[in-house]
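Secondary and tertiary structure notes
What follows is each chain in one-letter form.
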Amino acid sequence: LSLYAVKVFQNPLTFTFYDELQHWRTASDVLSSGRLFSPNPLLPVSPRFPGLETATSAVVGLTGLSIFQAGVLVIGAGRLVLTVALFLFFERLSGSTRVGGIAALVYMANPNFLFFDAQYGYESLALAYAALALYAVHRRGDADPSVSAGWTAIAAATIAAVVVTHH
């Protein structure tokens, strides 16, 4: 989260990256029209994959925050889920917390992690869903039958979330 703070502190009052402005437009359209799939001339594909904007609009509706503030919360939560899911996946895969930590650290050393994957864009949220889906699928394979249905439901829900969030 402190790496995410680097991106947020760069411009703490508004979105500034090109993709962020395109997705802000889609979120604004969802909030103003009350419906999904309104055309966005800035990024025509964005309304077809409204997972990010739907989550942001829900936060705006529940809290009264601005789209920017809600977007920062949504992406921040997504980054937390991403890093925890990667750690848990690699820990479970290797049987070692050390390997899980190193694997998550190696992923976070990726240059895109600091800014590109931290922007208000659909890939930032879809990566979190994908990592959680990987973990849930792996856990389901190791779970005893009494809890495998729960892991199946989590895996299915997160896979569906990836599908509606990113093309």
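Relevant structure appears above.
Residues numbered from 1 in each chain as written. Predicted model: local features only at pLDDT ≥ 70, side-chain atom pairs only at ≥ 80, totals over all residues. Heavy atoms only, no water.

Some remarks on helix 5 (residues 97-108)
Test applied: Runs of H or I in DSSP of at least four residues are treated as helices and runs of E of at least two as strands, each being numbered from the N terminus. By this rule, a helix spans an expected 1.5 Å times one less than how many residues it contains. Partly exposed residues are those whose accessible area sits between 20% and 50% of the maximum for their type, while under 20% is buried and over 50% is exposed, using a 1.4 Å probe and protein chains only. The arc in question is traced by the directions running from the helix axis to the C-beta atoms.
The end-to-end C-alpha distance of helix 5, which contains twelve residues, comes to 16 Å, matching closely the 16 Å that a straight helix rising 1.5 Å per residue would cover. Among all positions in helix 5, only Gly100, Ala103 and Ala104 are buried. End-on view of helix 5: buried residues confined to an arc of 95 degrees, all on one side of the axis. Of the residues in helix 5, the exposed ones pointing more than 90 degrees away from the buried face are Arg98, Leu105 and Val106.

A short note on the packing of aromatic side chains
To keep things clear, this is the line we draw: Centre distance within 6.5 Å is the pairing criterion for rings of Phe, Tyr and Trp, where only the six-membered ring of Trp is used; planes under 30 degrees apart are then read as stacked, over 60 as edge-to-face, and the remainder as tilted.
Counting across every chain of the model gives six aromatic pairs. Residues Phe89 and Phe90 carry aromatic rings whose centres are separated by 5.1 Å and whose planes lie at 70 degrees to one another, so their mutual orientation is edge-to-face. Taking relative accessible area as the criterion, Phe89 reaches 13% and is therefore assigned buried. In this structure an aromatic cluster arises from ring pairing among Phe15, Phe68 and Tyr120.

Let's talk about the pattern of salt bridges
Stated precisely, the cut-off is as follows: Whenever a carboxyl oxygen of Asp or Glu lies within 4 Å of a side-chain nitrogen of Lys or Arg, that contact is scored as a salt bridge.
This structure, assessed with the given rule, holds three salt bridges. Of the charged contacts in the structure, one is a salt bridge between Arg25 and Asp29, with a shortest N-O distance of 3.0 Å. Here Asp29 and Arg25 lie together in helix 2 (residues 18-33), a separation of four residues that amounts to about one turn. Between Asp142 and Arg92 there is a salt bridge, with its nearest N and O atoms 3.8 Å apart. Separated by 50 residues along the polypeptide, Asp142 in helix 7 (residues 122-142) and Arg92 in helix 4 (residues 67-94) bring together distant segments of the chain. By relative accessible area, which is 46% here, Asp142 ends up partly exposed. Residue Arg92 is classed as partly exposed on the basis of its relative accessible area, which comes to 34%.

Some words on helix 3 (residues 51-63)
End to end, helix 3 covers 18 Å across 13 residues, agreeing with the expected 18 Å (1.5 Å per residue, within 8%). Taken together, the buried positions of helix 3 are occupied by Gly51, Leu52, Glu53, Thr56, Ser57, Val59 and Val60. Just downstream of helix 3, Gly64 is the residue with a positive phi angle, here 80 degrees.

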